[in-house]
Amino acid sequence: MSAVDTSTDRQDDTAIGAIPAAILVTGANGQLGTELQRLTWPAGVRVVAIDVADLDLTDTAAIEARVAAGHDGQPFAAVINGAAYTAVDKAESDLVTAWAVNAMAPAAFGQACAQAGIPLVQVSTDYVFAGDKAGAWEVDDAVAPLGVYGASKLGGELAVRTSGARHAIVRTAWVVSAHGNNFVKTMLRVAATNPSLRVVDDQRGSPTSAADLARALQTIALRLIADAHAPTGTFHFSNAGEITWAGFAREIFRQSAARGGASAEVAGITTAEYPTPAKRPANSLLSHHAISAAYGIAPRPWQDALGDILNDLIGDVK
């Protein structure tokens, strides 16, 4: 199977055909939900994107009713659950809400999808791992979350796996885009008024473009709809390459300066020098072996994906 080109938002539907289908997407106003709505979908496919104003994710009965209701009198063809409680530090003191959104909601989606006979694509996180491995995390490595956020997301994974629904759980990390709140936008905002910044330099991972993640989820969802024997299980997606947060900041400013945007000097610090309520994984690198083997998805370098984000935020290189 040829690799999916994540450098464009055009989706080749020649192998899928025109599928008359509606796909329910949660987290419509988030980074991922925004990008899923911006994609070009095959003819006949409609994305029904909803957010907290449309569906209370702490209400499991409402979730099951929404999936069962379908769209325009027709059942949904699939659900992509991209919504989550992502306030990692706040989750440490708000564990009931975090578990409701990150674990019980996926449980409800899984049960509803199983009853409807449709696939569920569930987005998860690198935080299910302890971060103490030297190399990239494989999908079957032992999980050991360090805090409430990771534990609640792991709870959601377990709920989906035991729901009986055909599913794909896609773990990701360090998601950034031109939308919402994320590391890229924070760095540019702070650099506008500060000539130098201190950024953690002993946590490493691969930044993930929300747009590239959306394209990967699109590929998976469409295969699951079109092929009852499409691969299921757990997969990892991030952009290719390895960097620390400080290194990421330096590249953001290098590319920003080339576009006439904000820049700052970056001094690397240790995690201990920047204490937070929730402990972060020291290693968030995710292996792409499973998603490449199952779906032919080959993520592009994170530097290229960052360039597209900065083009949206600042403009092309001058």
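Residues numbered from 1 in each chain as written. Predicted model: local features only at pLDDT ≥ 70, side-chain atom pairs only at ≥ 80, totals over all residues. Heavy atoms only, no water.

(A) Structural view of the overall build of the chain. Counting its regular elements, the chain contains ten helices and twelve strands. For 318 residues, the compact-globule estimate of 2.2 N^0.38 gives 20 Å, and the C-alpha radius of gyration of the chain, at 19 Å, lies within 12% of that figure. When the backbone C-alpha atoms are referred to their principal axes, the chain occupies close to 55 × 45 × 35 Å. Of the contacts made within the chain by residues no fewer than 6 positions apart, 82% connect residues no fewer than 24 positions apart. (Helix = DSSP H or I, 4+ residues; strand = E, 2+ residues; numbered from the N terminus. Rg over C-alpha atoms; globule rule 2.2 N^0.38 Å. Contact = heavy atoms within 4.5 Å.)

(B) How the structure looks around the packing of aromatic side chains. All told, the structure shown has eight aromatic pairs when counted by the stated rule. Seen in terms of ring centroids, Phe129 and Trp137 are 4.4 Å apart; in terms of plane orientation they differ by 10 degrees. Their pairing is stacked. Overall, the relative accessible area of 5% leaves Trp137 in the buried class. Taken together, the ring pairs in this structure connect Trp174, Phe183, Trp245, Phe248 and Trp302 into an aromatic cluster. (Phe/Tyr/Trp six-rings, centres within 6.5 Å; stacked < 30°, edge-to-face > 60°. Buried < 20%, exposed > 50% of the residue type's maximum accessible area, 1.4 Å probe, protein only.)

(C) Examining the nonpolar core more closely. Among the nonpolar cores identified, the biggest contains 30 residues, and Leu24, Leu57, Ile63, Val67, Val79 and Phe109 are the most heavily contacted of them. Going through the elements one at a time, strand S1 (21–26), strand S2 (45–50), helix H2 (60–69), helix H3 (88–91), helix H4 (95–116) and helix H5 (148–161) are the ones with two or more residues in this core. If one sorts the elements of this core by residue count, H4 sits on top with seven residues. Residues contacting Phe109, with those up to four places away along its chain left out, are Leu24, Thr26, Leu55, Leu57, Ile63, Val67, Val79, Asn81 and Leu120. Grouped together as the second largest cluster of nonpolar side chains are 29 residues, Trp137, Ala173, Ile252 and Trp302 included. (Core = buried A, V, L, I, M, F, W, Y, C linked by side-chain atoms within 4.5 Å.)

(D) Region of interest: unusual backbone geometry. In the Ramachandran plot, Asp72 falls in the positive-phi region, its phi being about 55 degrees despite a non-glycine side chain. Along the polypeptide, Asp72 turns up in the loop between H2 and strand S3 (78–81). One non-glycine residue, Trp174, lies in the positive phi region at around 50 degrees. The exposure class assigned to Trp174 is buried, which follows from its relative accessible area of 10%.

(E) Summary view of the packing of helix H1 (residues 31–38) against helix H7 (residues 210–226). At their nearest, the axes of H1 and H7 sit 8 Å apart, and the two run at 60 degrees to each other. As far as their axial angle goes, H7 and H1 are oblique. In terms of crossing hand, the pair formed by H1 and H7 is right-handed. Of the residues in H7, those touching H1 at Gln31, Leu32, Glu35 and Leu36 are Ala210, Ala211, Leu213, Ala214 and Leu217. Classifying every residue of the contact of H1 with H7 by side-chain character gives seven nonpolar, one polar and one charged. (Axes fitted to C-alpha atoms, helices over the stretch in contact; angles between N-to-C directions. Parallel < 35°, antiparallel > 145°, perpendicular 65-115°, else oblique. Left-handed = near helix turned anticlockwise from the far one by under 90°. Nonpolar A, V, L, I, M, F, W, Y, C, P; charged D, E, K, R; others polar.)

(F) Quick look at the side chain of Asp126. Its location among the elements puts Asp126 in the loop between strand S4 (120–125) and H5. No salt bridge forms around the buried Asp126; measuring N to O, its nearest opposite-charge neighbour Arg280 is 8.9 Å away. Only 2.6 Å separates the side chain of Asp126 from the side chain of Ser284, close enough to count as a polar contact. The contact partners of Asp126, leaving out residues within four places of it in the chain, are Thr172, Ala173, Pro281, Ser284 and Leu286. (Lys, Arg positive; Asp, Glu negative; His and termini not counted. Salt bridge = Lys/Arg side-chain N within 4 Å of Asp/Glu carboxyl O. Polar contact = N/O pair within 3.5 Å; in protein donor to acceptor, adjacent residues only side chain to side chain.)

(G) Examining helix H6 (residues 183–191) more closely. Inspection of H6 places Phe183, Val184, Met187, Leu188 and Ala191 among the buried residues, and these make up the whole buried set. The buried residues of H6 occupy an angular sector of 130 degrees when projected down its axis, which confines them to one face. For H6, the elements touching its buried residues are strand S6 (175–176), strand S7 (196–200), helix H8 (245–258) and helix H10 (302–313). Where H6 begins, one side-chain oxygen reaches toward the backbone nitrogen of Val184, 3.1 Å away; that side chain belongs to Asn182. (Arc of directions from axis to C-beta.)

(H) Structural detail: the pattern of salt bridges. Under the counting rule described, the total for this entry stands at twelve salt bridges. A salt bridge links Arg280 to Asp89; its shortest N-O distance comes to 2.5 Å. In this pair, Arg280 sits in the loop between strand S12 (265–269) and helix H9 (289–295) while Asp89 sits in helix H3, placing the two residues 191 residues apart along the sequence. Since its relative accessible area comes to 24%, Asp89 is described here as partly exposed. Residues Arg300 and Asp308 are paired through a salt bridge, measuring 2.9 Å at the closest nitrogen-oxygen approach. Overall, the relative accessible area of 12% leaves Arg300 in the buried class. Using a relative accessible area of 33% as the deciding quantity, one classes Asp308 as partly exposed.

(I) Summary view of H5. Given a rise of 1.5 Å per residue, 14 residues ought to cover 20 Å, and the 20 Å separating the end C-alpha atoms of H5 matches this to within 8%. For H5, the buried fraction is high: eleven of the 14 residues fall into the buried class. Residues of H5 that are buried: Val148, Tyr149, Gly150, Ser152, Lys153, Leu154, Gly155, Gly156, Glu157, Ala159 and Val160. Where H5 is buried, its residues touch H3, H4, S4 and strand S5 (167–172). (Expected span 1.5 Å × (residues − 1).)

Geometric values such as these leave the question of function open.
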